[in-house]
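For reference, the chains in residue letters:
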Amino acid sequence: MQRAVSMVAHLGLRLKVLPSALGRPLSCAKDVLRRTPLYDFHLAHGGKMVAFAGWSLPVQYRDSHVDSHLHTRRHCSLFDVSHMLQTKILGCDRVKLMESLVVGDIAELRPNQGMLSLFTNEAGGILDDLIVTSTSEGYLYVVSNAGCWDKDLALMQGKVRELQNMGSDVSLEVVDNALLALQGPTAAQVLQAGVADDLRKLPFMTSAVMEVFGVSGCRVTRCGYTGEDGVEISVPAAGAVHLATALLENPEVKLAGLAARDSLRLEAGLCLYGSDIDEHTTPVEGSLSWTLGKRRRTAMDFPGASVIVPQLKGKVQRRRVGLMCEGAPMRAHSPILNTEGTVIGTVTSGCPSPCLKKNVAMGYVPCEYSRPGTPLLVEAPSSE
């Protein structure tokens, strides 16, 4: 069965991504799963735990997925994202190391400013997306995806050893903090009650270390993965439960899991690594050209630059676009067809949008079909 969809504008893209979809029940998990410092806290609050990127994480709590989604849009929700890889890059040559791996202009970052960037390979493919913050404490704070934990860590450690052998001053530390995301329009108001710093002076993609509800040594970054205002709080593991409990005392805050996180990011047009972008996707194909630093484009000194930079002015074979339709939801791997019925692309992720009351998705189509408003068809799975 085919159904019509209408191409919409490229959806707004920012912040960090997840490595796969919603996980699988723990009864299906064969490997030993890692637990965040909030594991028992999740169980006590009715969290339904699933296997996700090697971790045991809540897919939802007592509220339905849709209720959690809408609560985040109207108030704010607390997500446990402690599975993300957090690292520090230290030493005088820390910027040199990071710029040898990513496409962004790390040198231009002001103290405590961060940016979304991409690890790329020599073929121009995206190895992962990450947030890099240049801290006033003299190190780079890096957050990347749990699903790429081993790959990212090996990549960075390998480059550290390479530069150290050349006499460079650089080192890497893995940060074992928990990571909590408070997301929603009232997130700053909720957090302000527990910090002395004026959060009005903490704009998007900036970061500061502060005491939060009595827990010292927390790094608060104004960012998120929902399309809403919010923060991510890197908190010492021993203080994670205390902080989560303190935040939940405010009636504005409810817990939310992986299901709401996935629909929120898709509704906001945010990429999911491993689904919407991967090692076979270039930043230009993935509609992520804006992550390429202007200086870096000119110097062509990042991995894959010889492939990626010419694509900026030339024509790529395909582009990632947003899709919207009514009826049955579009799902990953569903074929995209032109109005003549010829398969031209594939849906990479999709779900019903609780806010729009329509189905949203993203996928890849040839450039000639990427203009907003282009009518297309998606082949729906058989109901038999």
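From a predicted model like this one, the values you see are computed outputs, not experimental measurements.

S.K.: Please give an account of the overall build of the protein chain that cites residues and values.
M.R.: Of the regular secondary structure elements, the protein chain holds 9 helices and 21 strands. The globule rule puts the C-alpha radius of gyration for 384 residues at 21 Å, and the 21 Å found for the protein chain is close to it. Overall size of the protein chain, expressed as C-alpha extent along the three principal axes, is 60 × 50 × 45 Å. By the burial criterion, 58% of the 384 residues in the protein chain qualify as buried. Sequence separation of at least 24 residues holds for 68% of the intrachain contacts in the protein chain that already meet a minimum separation of 6.

S.K.: Could you give me a rundown of the UniProt feature "binding site: substrate" (unreviewed entry) in the protein chain, with the residues and numbers involved?
M.R.: Listed under "binding site: substrate" (unreviewed entry) in the UniProt record, and renumbered for this structure, are Glu232. As for its placement among the helices and strands, Glu232 is situated in strand β15 (residues 230–235).

S.K.: Go over the sheet that holds strand β11 (residues 171–174), please, and point to the residues and values.
M.R.: Spatially, the 5 strands line up as an open sheet ordered β8-β9-β10-β7-β11, and their pairing is antiparallel. Looking at which strands have only one partner, the edges of the open sheet turn out to be β8 (113–120) and β11. The average angle at which neighbouring strand axes cross in this sheet is 25°, direction not considered. Inspection of the sheet shows strand β7 (residues 85–90) paired to strand β10 (residues 139–144) by 6 bridges, in the antiparallel sense. Among the inter-strand pairings, Gln86 is bridged to a residue of β10, identified as Val143. Of the strands in this sheet, β7, β8, β9 (126–134), β10 and β11 are in contact with helix α4 (residues 149–165), which crosses β11 at around 155°.

S.K.: Pulling in residues and values, what's your account of the layout of surface pockets?
M.R.: Approximately 210 Å³ is the volume found for the second largest pocket. For the second largest pocket, the lining is made up of 16 residues, of which Glu108, Leu109, Gln113, Gly114 and Met115 are closest to its centre. Here the residues of the lining of the second largest pocket are counted per class, giving 7 nonpolar, 6 polar and 3 charged. When residues of the lining of the second largest pocket are assigned to domains, at least three fall in each of domain 1 (34–82 + 177–266) and domain 2 (85–174).

S.K.: Quick one: what's the story with the domain arrangement of the protein chain, residue by residue and with numbers?
M.R.: Split into domains, the protein chain comes out as domain 1 (34–82 + 177–266), domain 2 (85–174) and domain 3 (316–383). The C-alpha-based centres of domain 1 and domain 2 are spaced at 25 Å. Facing the 14 residues of domain 1 at the interface are 16 residues of domain 2. Counting the surface lost from both domain 1 and domain 2, the interface buries some 1,100 Å², and carbon and sulfur atoms represent 55% of this. On the domain 1 side of the interface with domain 2, the three residues burying the most area are Met205, Ser207 and Arg219, jointly 45% of the side's total. In this structure, the connection of domain 1 to domain 2 is made through 1 salt bridge. A salt bridge links Arg219 to Glu137; its shortest N-O distance comes to 2.7 Å. Linking domain 1 to domain 2 there are 6 residue pairs in polar contact (both at pLDDT 80 or more). Secondary structure elements with two or more residues in the side of domain 1 that touches domain 2: β12 (178–183), β13 (207–212) and β14 (215–221). Of the residues that constitute the side of domain 1 that touches domain 2, the class distribution is 7 nonpolar, 5 polar and 2 charged.

S.K.: So what's going on with the nonpolar core? Residues and values would help.
M.R.: Proteins that are soluble and globular tend to have nonpolar side chains buried together. Within the largest apolar cluster, 30 residues are counted, with the highest numbers of intra-cluster contacts made by Ile89, Leu97, Met98, Ile106, Phe119 and Met156. Broken down by element, the residue count for this core peaks at 5 residues, all from α4. If near-sequence neighbours (up to four positions away) are discounted, Phe119 is found in contact with Met98, Leu101, Val102, Gly125, Ile126, Leu127, Asp128, Leu130, Asp152, Leu155 and Met156. Residues Val215, Cys218, Val231 and Ala240 belong to the second largest nonpolar core, which totals 29 residues.

Calculation criteria
- Residues numbered from 1 in each chain as written.
- Predicted model: local features only at pLDDT ≥ 70, side-chain atom pairs only at ≥ 80, totals over all residues.
- Heavy atoms only, no water.
- Helix = DSSP H or I, 4+ residues; strand = E, 2+ residues; numbered from the N terminus.
- Rg over C-alpha atoms; globule rule 2.2 N^0.38 Å.
- Buried < 20%, exposed > 50% of the residue type's maximum accessible area, 1.4 Å probe, protein only.
- Contact = heavy atoms within 4.5 Å.
- UniProt positions renumbered as here; feature names shortened; annotations may be inferred.
- Pairing = 2+ DSSP bridges.
- Axes fitted to C-alpha atoms, helices over the stretch in contact; angles between N-to-C directions.
- 1 Å grid on protein atoms, 1.4 Å probe; cavity = no way out; pocket = protein on both sides within 12 Å on 5 of 7 lines; lining within 4 Å.
- Points joined across faces, edges and corners; volume = space filled by probe spheres on them.
- Nonpolar A, V, L, I, M, F, W, Y, C, P; charged D, E, K, R; others polar.
- Domains from an automatic or database assignment.
- Buried area = accessible area lost by both parts, 1.4 Å probe.
- Salt bridge = Lys/Arg side-chain N within 4 Å of Asp/Glu carboxyl O.
- Polar contact = N/O pair within 3.5 Å; in protein donor to acceptor, adjacent residues only side chain to side chain.
- Core = buried A, V, L, I, M, F, W, Y, C linked by side-chain atoms within 4.5 Å.

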